[in-house]
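Letter by letter, the chains look like this.
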Amino acid sequence: MAKLIPLYSSSSGNSVYISFGESAVLVDCGTNAKRILMALEERDIDPNTIKAIFITHSHNDHISALKVLNKKLKLPIIASKDTLDYLCNNDIVLKDSKLIDVSAKDVDLGFAGVEFIPTSHDCKGSGGFKFHFGEKSLALCTDLGVVTDSVRKALLGSEIVYFESNHDVNMLTKGPYPPYLKQRILSEHGHLSNNASASELPLLLQNGAQKFILGHLSKENNLPTLAKSAATASLMNIGAKEQQDYMLYVAPPQNGKTVYF
């Protein structure tokens, strides 16, 4: 059985564990290595079952633990060419690390296939991933800014969708952030609001999605109740009922629920 666990999910740090039977991967490691290893230990997860580390992009809340984890676990690092170039040029990965450019072609891990989903975030080479496991598929896509047609097309058919719901627009606009930062977050190269995220869910549900995990919530500009309310309202508009037609989870800052698929 396959499963996804949001170990950390917020603007402060992101890391997702995904297992495919006896083999697993980490997607991002944006806190510190000790915390990630402790989170795995608390769930009785053997780090040796992790076969690769995927990096969505090179912002610190997604890579801050990578240098130490790279030394400890010595795993292949899989990302876009631009992201890999950044990691190499900034001494974040070991010189003998196995680096795999997922933006050049789909990657076959043996236990799962992977395709890269380019995104419009303000970071060169940013993207999400779609994992294929037998006849099932899982998509993970955050740090979006806007959902492009190519992103939308890539997400269709995924049974599990881990999707950004970063901020409530009202909280952000009335909050303490300086104007330039508000503008960045609200731009097409920033982050996806609750309402923008929620508006995508009906189409995904109608095209195979069964479970949604809302992630990368801002601690300062969002609340889990607001993210979930926007999502359920949007799905209700097409007559869909939670726990009957779909399952919905909101990833907390740490120790998220295990979602099986």
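A few points on the structure. (Residues numbered from 1 in each chain as written. Predicted model: local features only at pLDDT ≥ 70, side-chain atom pairs only at ≥ 80, totals over all residues. Heavy atoms only, no water.)

## Details of unusual backbone geometry
The phi dihedral of Asp 28 is positive, around 70 degrees, even though this residue is not glycine. At Asp 91, a position not held by glycine, the phi torsion is positive, near 60 degrees. With respect to the element layout, Asp 91 can be found in the loop between helix H4 (81-89) and strand E6 (99-101). (Helix = DSSP H or I, 4+ residues; strand = E, 2+ residues; numbered from the N terminus.)

## Considerations on the packing of aromatic side chains
Enumeration over the complete set of coordinates arrives at 9 aromatic pairs. Consider the rings of Phe 54 and Phe 129, whose centres lie 5.0 Å apart with planes at 70 degrees: the pair is edge-to-face. Of the two residues, Phe 54 sits in strand E4 (residues 50-54) while Phe 129 sits in strand E9 (residues 127-133), which places them 75 residues apart along the sequence. Between Phe 129 and Phe 131, the ring centres sit 6.3 Å apart and the planes meet at 50 degrees, which makes this aromatic pair tilted. The class for Phe 129 is buried, based on a relative accessible area of 0%. (Phe/Tyr/Trp six-rings, centres within 6.5 Å; stacked < 30°, edge-to-face > 60°. Buried < 20%, exposed > 50% of the residue type's maximum accessible area, 1.4 Å probe, protein only.)

## Quick look at the nonpolar core
Core analysis: the biggest nonpolar cluster contains 27 residues, and Ile 18, Val 25, Val 27, Phe 54 and Phe 131 have the highest contact counts within it. Elements represented by at least two residues in this core include exactly strand E1 (2-9), strand E2 (14-20), strand E3 (23-27), E4, strand E8 (113-118), E9, strand E10 (136-141) and strand E11 (160-164). Considering every element that reaches this core, the biggest residue donor is E2, with 3 residues. For Ile 18, the contacting residues outside a window of four places in its chain are Lys 3, Leu 4, Ser 23, Ala 24, Val 25, Val 27, Phe 131, Leu 138 and Phe 261. Within the second largest apolar cluster, 26 residues are counted, among which are Ile 5, Tyr 17, Leu 26 and Leu 69. (Core = buried A, V, L, I, M, F, W, Y, C linked by side-chain atoms within 4.5 Å. Contact = heavy atoms within 4.5 Å.)

## Describing the pattern of salt bridges
Note on pairing: side chains with opposite charge can pair once their charged atoms come close. In this structure the tally under the stated criterion is 6 salt bridges. With a shortest N-O distance of 2.8 Å, Glu 200 and Arg 152 are connected by a salt bridge. Note that Glu 200 is positioned in helix H8 (residues 194-206) and Arg 152 in helix H5 (residues 149-155), a separation of 48 residues in sequence. Overall, the relative accessible area of 11% leaves Glu 200 in the buried class. By relative accessible area, which is 21% here, Arg 152 ends up partly exposed. Across the pair Glu 242 and Lys 228 runs a salt bridge, and its minimum N-O distance is 3.2 Å. (Salt bridge = Lys/Arg side-chain N within 4 Å of Asp/Glu carboxyl O.)

## Things to note about helix H3 (residues 66-73)
Among the residues making up H3, those that are buried are Leu 66, Leu 69 and Asn 70. The arc that holds every buried residue of H3, seen down its axis, measures 105 degrees, which confines them to one face. The secondary structure elements touched by the buried residues of H3 are E3, helix H1 (33-42), E4, helix H2 (60-63), strand E5 (77-79) and H4. Lys 74 lies just past H3 and shows a positive phi near 50 degrees. (Arc of directions from axis to C-beta.)

## A look at the sheet that holds E5
Reading across from one edge, E6-E5-E4-E3-E2-E1-E14 is the order of the 7 strands in this open sheet, with mixed pairing throughout. Either end of the sheet is taken by a strand with one partner, and the two such strands are E6 and strand E14 (259-260). Direction of pairing for E1 relative to E2: antiparallel, over a ladder of 7 bridges. Bridge assignment links Pro 6 to a residue of E2, and that residue is Val 16. (Pairing = 2+ DSSP bridges.)

## Side note on the sheet that holds strand E13 (residues 247-250)
In spatial order, the strands read E7-E8-E9-E10-E11-E12-E13; together these 7 strands make up an open sheet with mixed pairing. Both edges of this open sheet fall to strand E7 (107-108) and E13, since each of them pairs with a single strand only. Pairing analysis gives 4 bridges linking strand E12 (residues 211-215) to E13, with the strands arranged parallel. For Phe 212, the partnering residue across the bridge sits in E13 and is Leu 248. Those strands touched by H8 are E11 and E12, and its axis lies near 165 degrees from that of E11. Helix-sheet contacts for helix H9 (residues 224-236) involve E12 and E13, and the interaxial angle to E13 is about 160 degrees. (Axes fitted to C-alpha atoms, helices over the stretch in contact; angles between N-to-C directions.)

## A short note on H1
Among the residues of H1, Ala 33, Ile 36, Ala 39 and Leu 40 are the ones counted as buried. All buried residues of H1 fall inside an arc of 130 degrees around its axis, so they share one side. Exposed side chains of H1 directed beyond 90 degrees from the buried face belong to Lys 34, Glu 41 and Glu 42. Turning to H1, the residues buried within the fold contact E1, E2, E3, E4 and H3. Backbone nitrogen of Lys 34 and a side-chain oxygen of the N-cap are separated by 3.2 Å at the start of H1; the cap is Asn 32. At the exit of H1 stands Asp 44, carrying a positive phi of roughly 55 degrees. (Polar contact = N/O pair within 3.5 Å; in protein donor to acceptor, adjacent residues only side chain to side chain.)

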